[in-house]
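What follows is the residue order along each chain.
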Amino acid sequence: APGKIFKVIERSRLQQVLSEQKLRDAGVIDDAQAAQVGKVLGIDVIITGNVTHSVAQRDEWEERTYSVKKQKVKQNVLCTTREVAVDCNMRIIDVNTGEIRLSESTRPVASDKWCRDDAGGLPTQEALVSQALARLAPSLVTMFAPYGHDVEIELEKVKTPDNAGSKLAEEA
């Protein structure tokens, strides 16, 4: 989005402001403090929240049927299911009023199952966290959609001398 819609503040700058304002409390600020920091930074809204994950794993016996010399044989096989849930809580806070304009929570889950007679193995926890985070991204984009808009600019056209001072060049 063009710079006039979103202003991204680096975490290091935010920490500097927190230190200057003596609002720092083990790296965590509440909504009222976030609004005050936003005023100091000269922004309209500030986005706060957190992202955590949890892992659950369970073993269960599963009955499977195999063909051995044209005969069907049933056998119990130990299977492991691993599930990762990513919890995300986000708030958009108006720095002028302290009002929470939007509060959103989402919990994407990724899981996989592996049985001892299967080839391969169970994906790592990190791989499942990555899958769950990939599911999280679209919901975060949807959450911010009302505050932005898509802009398509053909940069080659902007480079021409005719467009040097134009609005198109300014947006680019």
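Here we summarise the structure given alongside this text. Computed from a prediction, not measured in an experiment: that's the story for all the values here.

1. Here's the deal with the overall build of the protein
- Within the protein one finds five helices and four strands.
- Start at the N end of the protein and walk to the C end: the helices and strands fall as α-α-β-β-β-β-α-α-α.
- Among the 172 residues that make up the protein, the fraction classed as buried is 25%.
- The contacts in the protein between residues at least 6 apart in sequence include a share of 60% that link residues at least 24 apart.

2. Some thoughts on the side chain of T80
- Turning to its location among the elements, T80 is positioned in strand β2 (residues 71-94).
- T80 gets classed as buried once you look at its relative accessible area, which sits at 5%.
- In terms of polar contacts, T80 uses its side chain to reach the side chain of D59, at 2.5 Å.

3. Describing the pairing of strand β1 (residues 45-68)
- Summarising the sheet, β1 and β2 pair through 24 bridges and their orientation is antiparallel. Of the residues in β2, the one forming a bridge with E63 is N76.

4. Considerations on unusual backbone geometry
- Phi angles above zero are rare outside glycine, and K69 is one such case at about 50°.
- Relative to the elements of secondary structure, K69 occurs in the loop between β1 and β2.
- Backbone geometry places K70, a non-glycine residue, at a positive phi of 65°.
- Mapped onto the elements of the fold, K70 is located in the loop between β1 and β2.
- In this structure K70 comes out as exposed when scored by relative accessible area, which is 86%.

5. Comments concerning the environment of T97
- Within the secondary structure layout, T97 lies in the loop between β2 and β3 (100-106).
- As a C-alpha pair, T97 and D44 span 53 residues in sequence and 9.8 Å in three-dimensional space.
- A distance of 3.1 Å separates a polar side-chain atom of T97 from the backbone nitrogen of E99.

6. A closer look at the state of the cysteines
- Under the definition given, this model contains one disulfide.
- For C79, the disulfide goes to C115, at an S-S distance of 1.9 Å. Its S-S torsion of about 105° marks the bond between C79 and C115 as right-handed, since a negative value means left-handed. With C79 in strand β2 and C115 in strand β4 (residues 109-115), the pair connects residues that are 36 residues apart, well separated along the chain.
- Judged by relative accessible area, which is 3%, C79 ranks as buried.
- A residue is classified by how much of its surface remains accessible, and C115, at 1% relative accessible area, is buried.

What counts and how
Residues numbered from 1 in each chain as written. Predicted model: local features only at pLDDT ≥ 70, side-chain atom pairs only at ≥ 80, totals over all residues. Heavy atoms only, no water. Helix = DSSP H or I, 4+ residues; strand = E, 2+ residues; numbered from the N terminus. Buried < 20%, exposed > 50% of the residue type's maximum accessible area, 1.4 Å probe, protein only. Contact = heavy atoms within 4.5 Å. Polar contact = N/O pair within 3.5 Å; in protein donor to acceptor, adjacent residues only side chain to side chain. Pairing = 2+ DSSP bridges. Disulfide = S-S within 2.5 Å.

Everything listed is a geometric property; what it means functionally is a separate question.
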